[in-house]
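Close look at the chain arrangement
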Amino acid sequence: MSLPALPDDLRAFSNIQPATMSGPLVPAEVCKRLITEAERWVPCGPGKAAGLARILVGSYPARDLSDPEIYTRAIVSVFAEAPEWAGSAAVD
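What this report covers is the structure whose coordinates are included nearby.

So, how was this worked out
Residues numbered from 1 in each chain as written. Predicted model: local features only at pLDDT ≥ 70, side-chain atom pairs only at ≥ 80, totals over all residues. Heavy atoms only, no water. Salt bridge = Lys/Arg side-chain N within 4 Å of Asp/Glu carboxyl O. Buried < 20%, exposed > 50% of the residue type's maximum accessible area, 1.4 Å probe, protein only. Helix = DSSP H or I, 4+ residues; strand = E, 2+ residues; numbered from the N terminus. Expected span 1.5 Å × (residues − 1). Arc of directions from axis to C-beta. Contact = heavy atoms within 4.5 Å. Axes fitted to C-alpha atoms, helices over the stretch in contact; angles between N-to-C directions. Parallel < 35°, antiparallel > 145°, perpendicular 65-115°, else oblique. Phe/Tyr/Trp six-rings, centres within 6.5 Å; stacked < 30°, edge-to-face > 60°. Lys NZ or Arg CZ within 6 Å of the ring centre and 35° of its normal.

1. Focus on the pattern of salt bridges
Across all of its chains, the model carries two salt bridges by this definition. R40 is paired through a salt bridge with E37; the nearest N and O atoms lie 3.2 Å apart. Relative accessible area serves as the criterion here: at 12%, E37 is assigned to the buried category. Of the charged contacts in the structure, one is a salt bridge between K48 and E84, with a shortest N-O distance of 3.5 Å. Of this pair, K48 sits in helix 3 (residues 45-58) while E84 sits in helix 5 (residues 84-91), placing them 36 residues apart in sequence. Judged by relative accessible area, K48 falls into the partly exposed class, the value being 37%.

Pasting the structure below:
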């Protein structure tokens, strides 16, 4: 899976230094767009991850697992650390 790239018009601001009293400020619209882009990377959390894990595990034929609960919890822990869009892409 490839990670989404920062849009070209925001890439110029990706290495911006903190503003000083005499330095330029990043325009408010650019700040809002950068925050929106950053929010895409927030982990989805355990609740959503559990749902994604159930879909993923349920998509495969029944298997004899030594401990299905541990297997499912392991998948949930991986999805919980990933952004929701990444977990959804893995399930699709």
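2. Considering helix 4 (residues 68-80)
Taking 1.5 Å per residue as the helical rise, helix 4 with its 13 residues ought to reach 18 Å, and the 18 Å between its terminal C-alpha atoms agrees with that figure. If you check which residues of helix 4 are buried, you get I75, V76, F79 and A80. Along the axis of helix 4, the buried positions cluster into a sector of 135°, meaning they face one direction only. Among the exposed residues of helix 4, those pointing more than 90 degrees away from its buried face are R73 and V78.

3. Re the environment of P83
Examined against the element boundaries, P83 turns out to sit in the loop between helix 4 and helix 5. Considering only alpha carbons, one finds P83 and R40, 43 residues apart in sequence, at a separation of 6.6 Å. If near-sequence neighbours (up to four positions away) are discounted, P83 is found in contact with R40, W41, V42, P43 and C44.

4. Some points on the packing of helix 3 against helix 5
Relative orientation of the contacting elements helix 3 and helix 5 amounts to 10°, with a least axis distance of 9 Å. Comparing their axes, helix 5 and helix 3 come out roughly parallel. Contacts between helix 3 and helix 5 involve K48, L52, I55 and L56 from the first element and E84, G87, S88, A90 and V91 from the second.

5. Describing the packing of aromatic side chains
Using the criterion set out here, one finds one aromatic pair in the structure. Residues W41 and W85 carry aromatic rings whose centres are separated by 5.2 Å and whose planes lie at 90° to one another, so their mutual orientation is edge-to-face. In this pair, W41 is assigned in the loop between helix 2 (28-39) and helix 3 and W85 in helix 5, connecting sequence segments 44 residues apart. Taking the relative accessible area as the measure of exposure, W41 reaches 35% and is therefore partly exposed. With relative accessibility at 24%, the residue W85 sits in the partly exposed group. The cationic tip of R40 hangs over the ring face of W85; the distance from NZ or CZ to the ring centre is 5.8 Å.

Worth remembering: the numbers are spatial, not functional.
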